[in-house]
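Topology and contacts: notes
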There are 2 protein chains.
Amino acid sequence: MEEKANGPKVEDNRRSVIAGPTNPMVTPLLTDQYQFTMAYAYWKAGKNNERAVFDLFFRKNPFGGEYTVFAGLEECIRFIANFKFTEEEIAFVRASLPNTCEDGFYDYLRGIDCSDVEVYAVSEGSVVFPKVPLMRVEGPIAVVQLLETPFVNLINYASLVATNAARHRFVAGKSKLLLEFGLRRAQGPDGGIGASKYCYIGGFDATSNVAAGRLFGIPLRGTHSHAFVSSFMSPDEIIDKSLQSCDSSSTCEDFVSLVQTWLSKIKWSHSLCGIFGETNQSELAAFTSYALAFPTNFLALVDTYDVMRSGIPNFCAVALALNDLGHKAVGIRLDSGDLAYLSSEARKFFCTIEKEFGVPGFGKMNITASNDLNEETLDALNKQGHEVDAFGIGTYLVTCYAQAALGCVFKLVEINNQPRIKLSEDVSKVSIPCKKRCYRLYGKEGYPLVDIMTGENEPPPKVAERILCRHPFNESKRAYVVPQRVEELLKCFWPASPDKAREELPPLKEIRDRCIKQLEQMRPDHMRRLNPTPYKVSVSAKLYDFIHFLWLNEAPVGELQ
Amino acid sequence: MEEKANGPKVEDNRRSVIAGPTNPMVTPLLTDQYQFTMAYAYWKAGKNNERAVFDLFFRKNPFGGEYTVFAGLEECIRFIANFKFTEEEIAFVRASLPNTCEDGFYDYLRGIDCSDVEVYAVSEGSVVFPKVPLMRVEGPIAVVQLLETPFVNLINYASLVATNAARHRFVAGKSKLLLEFGLRRAQGPDGGIGASKYCYIGGFDATSNVAAGRLFGIPLRGTHSHAFVSSFMSPDEIIDKSLQSCDSSSTCEDFVSLVQTWLSKIKWSHSLCGIFGETNQSELAAFTSYALAFPTNFLALVDTYDVMRSGIPNFCAVALALNDLGHKAVGIRLDSGDLAYLSSEARKFFCTIEKEFGVPGFGKMNITASNDLNEETLDALNKQGHEVDAFGIGTYLVTCYAQAALGCVFKLVEINNQPRIKLSEDVSKVSIPCKKRCYRLYGKEGYPLVDIMTGENEPPPKVAERILCRHPFNESKRAYVVPQRVEELLKCFWPASPDKAREELPPLKEIRDRCIKQLEQMRPDHMRRLNPTPYKVSVSAKLYDFIHFLWLNEAPVGELQ
């Protein structure tokens, strides 16, 4: 790793000091080789400083939905705030280009940073829609091209997984605890760290990923695995059996026996008699030992052998023994089987214990479920009815199994004040030219109605004024809107001039709050899982005319044959 | 980042010095919180040093296939070779655990490393199969548990994407050049870097990812994008028009005019007259400019406007002008449209040029294709017939879109010399107990016939001796095999004793060669895309009996109701 990786702060930057990217591997070399070949060609042609404007946007919402959560901006800003080639990086670029390339180019590379780049972006954590620029990046064309790949890399997965998290939250409902458990199945180490961060933004409550907890202050969760259970043979092997009461007033010298006594009481109790016979002794030993280690945080994984015939009775025996000493057990985790059925049976069991042994609150014991969950299984659980309080979600969440990529692109829309359009046989791939401003128009009920893009110098839409919103490519789709509120979407996060104000990078919690609030603000029909209504994205009448003028100008005139 | 991130080498390790993980974010905190709660519970129970054996394996081959490429081992070994908590990390763990946890635990954490851990593993780049341990990790249970999450994280995606690359290579065929272009769509920065490394192992030839090129020495590829083309207006803007001939003997003072002359010659030539009219002038300017920058490496993206009416004629004009100066153009890239049709038409055009203007080899111009390619589209292209020489593959390859996760697990199979089994209602999830040895038995034709697992102390299978191979869970599935060659699969990559030999970590190129060779060695019916024959994985008769003895012992006896 370069020096940069160690010193995440650039001291001599004329803006306020911004830390480097979370992952020290995010360096100016984290880009495609063609950005360097193009940089050389621009430099060779004397074009490298021509001022270009690029839009970063996506074309289609993921997961069959009609919304996307924008995330990854902070990492982009941290990247450009510290963008500078080391000598070793320049030597590598030189070695990778043909030896016909002139030396002056490497001097040029040596000198560049992002001080004359300007980034306007939607605030991180915002709900966003196709075609509207998430970021508008302006600057010397050769430099901005070098940023394309890292920016798209940093935004694509961040936004995809934040959106996935938001969708899981939507199905699970507000009251459930959502835990991200994906590190082991994530696509690489910082796939895991990124997943934890961006799932938190999208509405998750906690993660199992300790590194993410440390880097971002995300609450951590975790208890024990099946291996912990199978590592024990029987309660006989527990050596230190003593446990202090919660208020430290007394000590139970043989907690193991206390647990055994409770197990026997449950077994022969009036209401539970006959439900189970011999429970598994490894499991009982593991639970007892875990409770001795964490008397105030006892949460047990109950499905290593048999949930109802072993796990739940063993758990209850330990929980009741803890209760004798004033400790309140937290609950159980189910990691296999029919979660709807097992959680309901477990709940019944807990309620019976509460009643039979007069332990208030025992029936409300927390039930966490965590077996290959995704949007569909959460939805199915809701339909069946269940008693799960918290969901631990891994693989499907963090790898975005249902759709593993968001197709963010980075398109040139203007160079030297000349608007540029990228044509395509596929209309959905035609880019919207010009340096633009973007607004969200809100209706009477407080819902966003439509996003509208205008040319940079058009007057902004005004509250209570009638605005014509046109579909960018479909002549017949247009509507007048009278907004009750107008929000400008693109804000300056990285000014090209030191005098210009810069949006602060908000703390993670604030990004998360914005996301949750914006999702709640959406009209419900845009949010539903099946056949959601598309949110409208439009252009001003003036921009519409200009797009079509440019389109006709650029398109080759064919001959029908 | 900690000091560790900066100094990737541990100087005082008693083994030969092994560099730290490629990604400095891979620290002992890159694990699940429950590994720490368990470590504490083990420590509190005095069990933390009990010797445990865990197997890392997967249950099902990905992508509907019947083979998997094992990758990620080197990163695991680099991780454990440098495994040590910093004070700052210990402080974080302390803050994240309940304050009832005793101080002695943190002293314990401070002292641990992986010097008494032992890792046996299959060689990286090997073809592997479900249920057979890829890694067997033995050591003090609390330490080995801490390794679970990072190991699984480092192996899961690496093996998945290497397998995906191998599958793409299989469909594309040996003769095609395969380029990994996925960085921008990868799941995070080192998702991208990992993809480049492991796709190379799986049989790709090069990457666009400069950081991966630098870290791993993978060949780099890249030319220019659509934005480069649209950044030009017309050839008039080219200022420096001179170009030296290949042998430096002469200089063409107006290369732009030379290109224009050739364009006109092509347009009015006998065989091509009428095929195109006015080509796009931005594109012509961009190609000319790119050729001036890279006269020896001219490869142009020809689909910004219209491949056959603009891109190809413009390319040929520039290539023929280069040819006049003794420079040989490399070829074209197609990034949209019907690749089968366009590549064939482009080839015809090139051949016509070769013939019409007498330029030997022009017809063999390289054609690269790169539009949302995957196994299916490659297969479809093959069936239609095409003229593509090189494929640039991104999103579907690196995100493993077809199946975004491999389900590697890490299961306790023995503790204190006591074999352990993890039961499940689902037979496919029952783990195979015992510290095991694993062998691959080869038949007469040189194909691998079957993998067999035995208990650690069983005599190894011998060449030319009859061996009973049993399905681990299905009584009726068994077969005698007489191997012509026996290969022990698990080798010692990290010995618990300094006297013991350790397998060297081979260079990347060697891992890639192993992978390609092993894939070629497989019996073709295991490799086909549709309905491949499952490769057989078995246990010895002795291990079979023991599994079923243990199973009966552990399973609860129910009562039919």
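Reading the values: rules and limits
Residues numbered from 1 in each chain as written. Chains lettered and ligands numbered in written order. Predicted model: local features only at pLDDT ≥ 70, side-chain atom pairs only at ≥ 80, totals over all residues. Heavy atoms only, no water. Helix = DSSP H or I, 4+ residues; strand = E, 2+ residues; numbered from the N terminus. Buried < 20%, exposed > 50% of the residue type's maximum accessible area, 1.4 Å probe, protein only. Contact = heavy atoms within 4.5 Å. Buried area = accessible area lost by both parts, 1.4 Å probe. Salt bridge = Lys/Arg side-chain N within 4 Å of Asp/Glu carboxyl O. Polar contact = N/O pair within 3.5 Å; in protein donor to acceptor, adjacent residues only side chain to side chain. Core = buried A, V, L, I, M, F, W, Y, C linked by side-chain atoms within 4.5 Å. Pairing = 2+ DSSP bridges. Least-squares fit on C-alpha atoms with pLDDT ≥ 70 in both. UniProt positions renumbered as here; feature names shortened; annotations may be inferred. Expected span 1.5 Å × (residues − 1). Arc of directions from axis to C-beta. Domains from an automatic or database assignment. Axes fitted to C-alpha atoms, helices over the stretch in contact; angles between N-to-C directions. Parallel < 35°, antiparallel > 145°, perpendicular 65-115°, else oblique. Nonpolar A, V, L, I, M, F, W, Y, C, P; charged D, E, K, R; others polar.

1. A closer look at the overall build of chain A
A count of helical and extended segments in chain A gives 18 helices and 22 strands. Seen through its C-alpha atoms, chain A measures out along the principal axes to roughly 90 × 55 × 50 Å. The burial tally for chain A puts 63% of its 561 residues in the buried class. Once local pairs closer than 6 in sequence are excluded, the contacts in chain A between residues at least 24 apart make up 73%.

2. A look at the interface of chain B and chain A
Counting residues at the interface gives 114 residues for chain B and 114 residues for chain A. It is Arg 184, Gln 187 and Arg 214 of chain B that lose the most area in chain B upon contact with chain A, and together they represent 9% of the buried surface on that side. On the surface where chain B and chain A come into contact, there are 8 salt bridges. One salt bridge in this structure joins Arg 184 of chain B and Asp 32 of chain A, with 2.9 Å as the shortest N-O distance. Summed over the shared surface of chain B and chain A, the result is 41 residue pairs in polar contact (both at pLDDT 80 or more). Per element, the largest residue contribution to the side of chain B that touches chain A is 10 residues, and it comes from helix H2 (residues 33-44) of chain B.

3. As for the nonpolar core
Of all hydrophobic cores here, the largest spans 368 residues; its most connected members are Phe 255 and Phe 315 of chain A together with Phe 255 and Phe 315 of chain B. When near neighbours in sequence (up to four residues on either side) are disregarded, Phe 315 of chain B contacts Phe 287, Phe 298, Ala 300, Val 302, Ala 329, Gly 331, Ile 332, Phe 350 and Met 365 of chain B.

4. As for the sheet that holds strand S7 (residues 206-207) of chain A
Residue and element names in this part refer to chain A. Strand order in the open sheet made by the 6 strands is S7-S6-S13-S12-S11-S10, with parallel pairing throughout. Bordering the open sheet on either side are S7 and strand S10 (299-301), each of which pairs with just one other strand. As paired elements, strand S6 (residues 177-180) and S7 share 2 bridges and run parallel to each other. Paired with Glu 180 across the two strands is Thr 207, which belongs to S7.

5. Quick look at the pattern of salt bridges
Within the structure shown, the criterion is met by 68 salt bridges over all chains. A salt bridge links Lys 435 of chain B to Glu 456 of chain B; the nearest nitrogen and oxygen atoms lie 3.5 Å apart. Residue Lys 435 of chain B is located in the loop between strand S15 (418-419) and strand S16 (436-442), and its partner Glu 456 of chain B is located in the loop between strand S17 (448-455) and strand S18 (467-470); the two are separated by 21 residues in the primary sequence. Through salt bridges with shared partners, a single network forms among Arg 167, Glu 375, Glu 376, Asp 379, Lys 383 and Arg 529 of chain A.

6. Here we look at the relation of the copies chain B and chain A
Once chain B has been moved 0.0 Å along the axis and rotated by 180°, it coincides with chain A to within an RMSD of 0.0 Å. Such a combination of rotation and displacement between the chain copies is what one expects of a two-fold axis. Here 100% of the interface residues in chain B have copies in chain A that are interface residues too; the copies meet face to matching face.

7. Structural notes on the UniProt feature "domain: Nicotinate phosphoribosyltransferase N-terminal" (unreviewed entry) in chain A
Taking the UniProt record as the reference, the feature "domain: Nicotinate phosphoribosyltransferase N-terminal" (unreviewed entry) is found at residues 29-156 of chain A. The span residues 29-156 of chain A shows a helical share of 43% and a strand share of 16%, and its end C-alpha atoms are spaced 18 Å apart.

8. Quick word on helix H18 (residues 541-554) of chain B
In an α-helix, one turn spans 3.6 residues, which is why side chains three or four residues apart end up on the same side. Residue and element names in this part refer to chain B. In a regular helix each residue adds 1.5 Å, so 14 residues correspond to 20 Å; H18 covers 20 Å between its end C-alpha atoms and thus fits that length. Within the sequence span of H18, burial applies to Leu 543, Tyr 544, Ile 547, His 548, Leu 550 and Glu 554. Looking down the long axis of H18, one finds its buried residues gathered within 160° of arc, a one-sided arrangement. In H18, those exposed residues whose orientation departs by more than 90 degrees from the buried face are Lys 542, Leu 552 and Asn 553. If you follow the buried residues of H18, they end up packed against S15, S16, S17, S18 and strand S22 (536-539).

9. With respect to the domain arrangement of chain A
Along its sequence, chain A is organised into domain 1 (3-167 + 403-554) and domain 2 (223-388). Centre-to-centre separation of domain 1 of chain A and domain 2 of chain A, based on C-alpha positions: 51 Å.

10. Digging into the side chain of Ser 123 of chain B
All names here are of chain B. Relative to the assigned elements, Ser 123 resides in the loop between strand S3 (118-121) and strand S4 (127-128). Ser 123 gets classed as buried once you look at its relative accessible area, which sits at 7%. Excluding residues that lie within four positions of it along the chain, Ser 123 makes contacts with Phe 70, Leu 489, Lys 491, Phe 493 and Arg 514.

11. As for the UniProt feature "domain: Nicotinate phosphoribosyltransferase C-terminal" (unreviewed entry) in chain A
When the UniProt feature table is mapped onto this chain numbering, "domain: Nicotinate phosphoribosyltransferase C-terminal" (unreviewed entry) sits at residues 435-546 of chain A. End-to-end, the C-alpha atoms of residues 435-546 of chain A are 12 Å apart, and along that stretch the chain is 21% helix and 31% strand.

12. What about the environment of Asp 247 of chain B?
Residues and elements named next belong to chain B. Among the secondary structure elements, Asp 247 is positioned in the loop between strand S8 (243-244) and strand S9 (251-252). Distance from Asp 247 to Gly 326, taken between C-alpha atoms, is 7.4 Å for residues 79 residues apart in sequence. At a separation of 2.7 Å, a polar atom in the side chain of Asp 247 contacts the side chain of Ser 245.

13. Some words on the environment of Asn 366 of chain B
Residues and elements named next belong to chain B. Positionally, Asn 366 belongs in strand S12 (residues 366-369). In the structure, Asn 366 is positioned 34 residues away from Ile 332 in sequence and 6.4 Å away in space, judged by C-alpha atoms. With sequence-adjacent residues up to four places away left out, Asn 366 is seen in contact with Val 330, Gly 331, Ile 332, Asp 389 and Ala 390.

14. As for the side chain of Gln 187 of chain B
Tracing the backbone shows Gln 187 of chain B in the loop between strand S6 (177-180) and helix H7 (189-201). Given the relative accessible area of 1%, Gln 187 of chain B is considered buried. Of the polar contacts made by the side chain of Gln 187 of chain B, one reaches the backbone oxygen of Ala 404 of chain A; its length is 3.0 Å.

15. Focus: the packing of H2 of chain B against helix H5 (residues 104-111) of chain B
Residues and elements named next belong to chain B. Where H2 meets H5, the axes come as close as 10 Å, and the angle between the chain directions of the two elements is 110°. As the angle between them shows, H2 and H5 are arranged roughly perpendicular. Residues Phe 36, Ala 39, Tyr 40 and Trp 43 of H2 pack against Gly 104, Phe 105, Tyr 108 and Leu 109 of H5. For the contact of H2 with H5, the residue count by class is 7 nonpolar, 1 polar and no charged.

16. A closer look at the sheet that holds strand S13 (residues 390-393) of chain B
All names here are of chain B. Read across the sheet, 6 strands follow the order S7-S6-S13-S12-S11-S10 without closing on themselves; strand pairing throughout is parallel. Across the chains shown, the open sheet's two edge strands, defined by having one partner strand only, are strand S7 (206-207) and strand S10 (299-301). For S12 and S13, the ladder comprises 2 bridges, and the chain directions are parallel. Residue pairing across strands places Thr 368 opposite Ala 390, the latter belonging to S13.

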